[in-house]
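The primary structure of each chain is shown beneath.
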Amino acid sequence: MNRTSGDGQLPGTVDREGTGEADTNAGADAGADADIGTDAGSNSRSPPAPALTPSSLHSCSRELADVSFGAILDTDDEARIQWATPDGLEVVGRGVAARFTARGPDRFETVRKQAERTFAELDHDGPTVARPRAFGGLSFHDSHDGRDNRGRDTDTASNTPWSGFAAASFVVPRVLVTRCDETTWLTAVARDAETATERLHSWHDRLADFPAMRPSGSAPGVAATERTTSPAAWTDQVERALQRIETTALTKVVLAQSLSVSLEESIDVPATLERLRRQYPNCYRFLVDHDADASGTFFGTPPERLVSKRGDHVETEALAGSAPRGETPEADEEFADRLRDSEKVQHEHGLVADAIREQLTPLARKLTIDEQTVRRLATIQHLQTPIDATLDGDRHVLELVETLHPTPAVGGMPPEAAWETIRETETFDRGWYAAPIGWFDGDGDGEFAVGLRSGVATDETVTLFAGNGLVADSDPAAEWNEVQLKFRPILDELQPAGADGIEDITGDVHSQ
Ligand SMILES: C=C(O[C@@H]1C=C(C(=O)O)C=C[C@H]1O)C(=O)O
């Protein structure tokens, strides 16, 4: 939907092995986890990048005794990523063997082309599950360039936590540890086979001293919270959006808020994610901290799959319509019934499912829309419709990501009008919130979640993001309360059990 603005049509940057020589084939290997490349793509006035010639990427794997992923993320090596799916794949990565960055509306295609060149020369010695993958994400808006969504420079904008986040940024880590089906693999990636083998052995020796388990710690405690959007401002924003719904072609728009949390102690993001795993075992978990320029670590536990692609098989879903969990099974079922029976929620949900069907139909030779269900998470429940497709030909997962992002579950309908409403209404920078986050490989397969139930962490702050879909008849107070439910997954993990929660629009405090 977001094709209108943004000055950047520029190709981005490929940097292999972290030499810092963007847009060139990197020279000699700079040693394990040396400095990470610069992001030339972030300068809108830089000339187009020169044509790239392919360079090789070598990787090798060996099986590993189980090791704490948190401990691997804890070392002071450069660049770290974590990715875990509800169906059991878990990966952590350190260092940068190759980096792909881009900006502007063409960033999906630019990254894909950079990656195709690099992966074309990939030589992997190991099982498929442990193959090198590129991990990262993209900004929600096409125009993201280190400015906030109102076009102000980040220097003058009020505290965007997204400074230094590129509009698209992916890395193939130098070292990957992959757990799947109770087997753990170590993979090393380098520009030549000899370096990859050396790296594999040295990390294998290093990891032998790592613990198999690491304490998941305790909540850092919340000292203070600050909102981007007061209840009064929210009511005003919702009413203006409803007016657009009444008087223009807009039928749905998702408005969001951010909540900046000052902590009592430093946050340990991997430990926080580990605690979140216990509460939200059927959600994704991710952590992206791969750019030295970025002002924080983006992490979260999204429930929503944007798309997964393996060969010609594609899975996605419509996830929209939210209600709290009940205190008793009966109350819980009552909330679920209200979701199922509400004409407004069904309309809101139906817009999402219809849009996904329309977007995928031209790319698919078969499309199956499964039966609608209620997806129950620890603190919230949603209407969910699983959607499967068989592709009509060979496509890269980034093509599907570009087609689907943003679904009306996080943007709205029609896409252009929703995007404009979001830009003109929200007073904070969405950055990578509600945008695609995930991985792809050399075959163009991959999986992306929607970057929800997420936040950006620095040492003693976390900025959280949450939104809700508005349609005709939406009530500002009810929408406010649903947004607050979506802050809860991470907020609950930041404060000790029993601490006071956050106020709803009526001034009531929900205990966490
Ligand atoms: C926008 C968010 O969630 C999305 C919006 C939903 C809704 O409007 O009911 C439900 C699930 C998500 O697709 C969020 O978590 O911030």
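Residues numbered from 1 in each chain as written. Predicted model: local features only at pLDDT ≥ 70, side-chain atom pairs only at ≥ 80, totals over all residues.

It is worth spelling out the overall build of the chain at this point. In terms of regular secondary structure, the chain is built from 10 helices and 24 strands. Evaluated residue by residue, the chain yields a buried proportion of 53% over its 512 residues. Considering only contacts within the chain whose residues lie at least 6 apart along the sequence, 75% involve residues at least 24 apart. (Helix = DSSP H or I, 4+ residues; strand = E, 2+ residues; numbered from the N terminus. Buried ≥ 20, exposed ≤ 12 C-beta atoms within 10 Å, placed from the backbone. Contact = placed C-beta atoms within 7 Å.)

Turning next to the nonpolar core. Counting residues in each nonpolar core, the largest one holds 127 residues, and the members touching the most others are A134, V171 and L464. With sequence-adjacent residues up to four places away left out, V171 is seen in contact with A79, I81, V96, A98, R99, A134, F135, G136 and H290. (Core = buried A, V, L, I, M, F, W, Y, C linked by C-beta atoms within 7 Å.)

With that settled, consider the site of the ligand. In the vicinity of the ligand lie 18 residues, with S322, A409, L452, G467 and G469 positioned nearest. Among the secondary structure elements, those contributing two or more residues to the shell around the ligand are β12 (252–263), β16 (313–324) and β24 (461–470). Of the residues that constitute the shell around the ligand, the class distribution is 9 nonpolar, 6 polar and 3 charged. (Near = placed C-beta within 6 Å. Nonpolar A, V, L, I, M, F, W, Y, C, P; charged D, E, K, R; others polar.)

Let's shift gears to helix α8 (residues 397–404). One turn of an α-helix holds 3.6 residues; hence residues three or four places apart share an orientation. Residues V397, L398, L400 and V401 constitute the buried set of α8. Across the axial projection of α8, the buried residues extend over an arc of 155 degrees, all falling on one side. (Arc of directions from axis to C-beta.)

What follows concerns the UniProt feature "domain: Chorismate-utilising enzyme C-terminal" (unreviewed entry) in the chain. Within this structure's numbering, the places UniProt gives as "domain: Chorismate-utilising enzyme C-terminal" (unreviewed entry) are residues 232–486. What you have in residues 232–486 is 35% helix and 34% strand, and the ends, taken at the C-alpha atoms, are 19 Å apart. (UniProt positions renumbered as here; feature names shortened; annotations may be inferred.)

All right, on to the confidence of the model for the chain then. Residues with a pLDDT of 70 or more make up 84% of the chain, whose mean pLDDT is 87. Across residues 18–53 the pLDDT falls below 50, and counting only partners more than four positions away or on other chains, this stretch makes 84 contacts in the model. Here residues 147–158 is modelled with pLDDT under 50, and outside its nearest four sequence neighbours on either side it reaches 18 contacts, counting other chains as well. Listed scores for the predicted complex are pTM 0.89 and ipTM 0.99. (pLDDT = per-residue confidence, 0-100.)

As a further point, take the pairing of β16. The buried count for β16 comes to 9 of 12 residues, which makes it a mostly enclosed element. Pairing geometry for strand β15 (residues 305–310) and β16, over 3 bridges, is antiparallel. Across the sheet, the residue bridging to K309 is V314, located in β16. Hairpin connection from β15 to β16: 2 residues lie between these consecutive antiparallel strands, with G311 at a positive phi of about 60 degrees. Pairing of β16 with strand β19 (residues 380–391), which is carried by 10 bridges, proceeds in the antiparallel orientation. Each bridged residue has a counterpart across the sheet, and for E315 the counterpart in β19 is D388. (Pairing = 2+ DSSP bridges.)

What follows covers unusual backbone geometry. Note that the residue after H405, namely P406, is joined by a cis bond; omega there is -15 degrees. Structurally, the position occupied by P406 is in the loop between α8 and β20 (412–413). With an omega of -15 degrees, the peptide bond between M413 and P414 qualifies as cis. Tracing the backbone shows P414 in the loop between β20 and α9 (415–425). Here D181, not a glycine, exhibits a phi torsion of approximately 50 degrees, which is positive. Inspection of the secondary structure puts D181 in the loop between β9 (175–180) and β10 (183–190). By the C-beta count within 10 Å, which is 7 here, D181 ends up exposed.

Time to look at helix α7 (residues 343–360). A rise of 1.5 Å per residue sets the reference length of α7, with its 18 residues, at 26 Å; its end C-alpha atoms lie 26 Å apart and thus fit the reference within 8%. Of all the residues in α7, the buried ones are V345, E348, H349, L351, V352, A353, A355, I356 and L360. (Expected span 1.5 Å × (residues − 1).)

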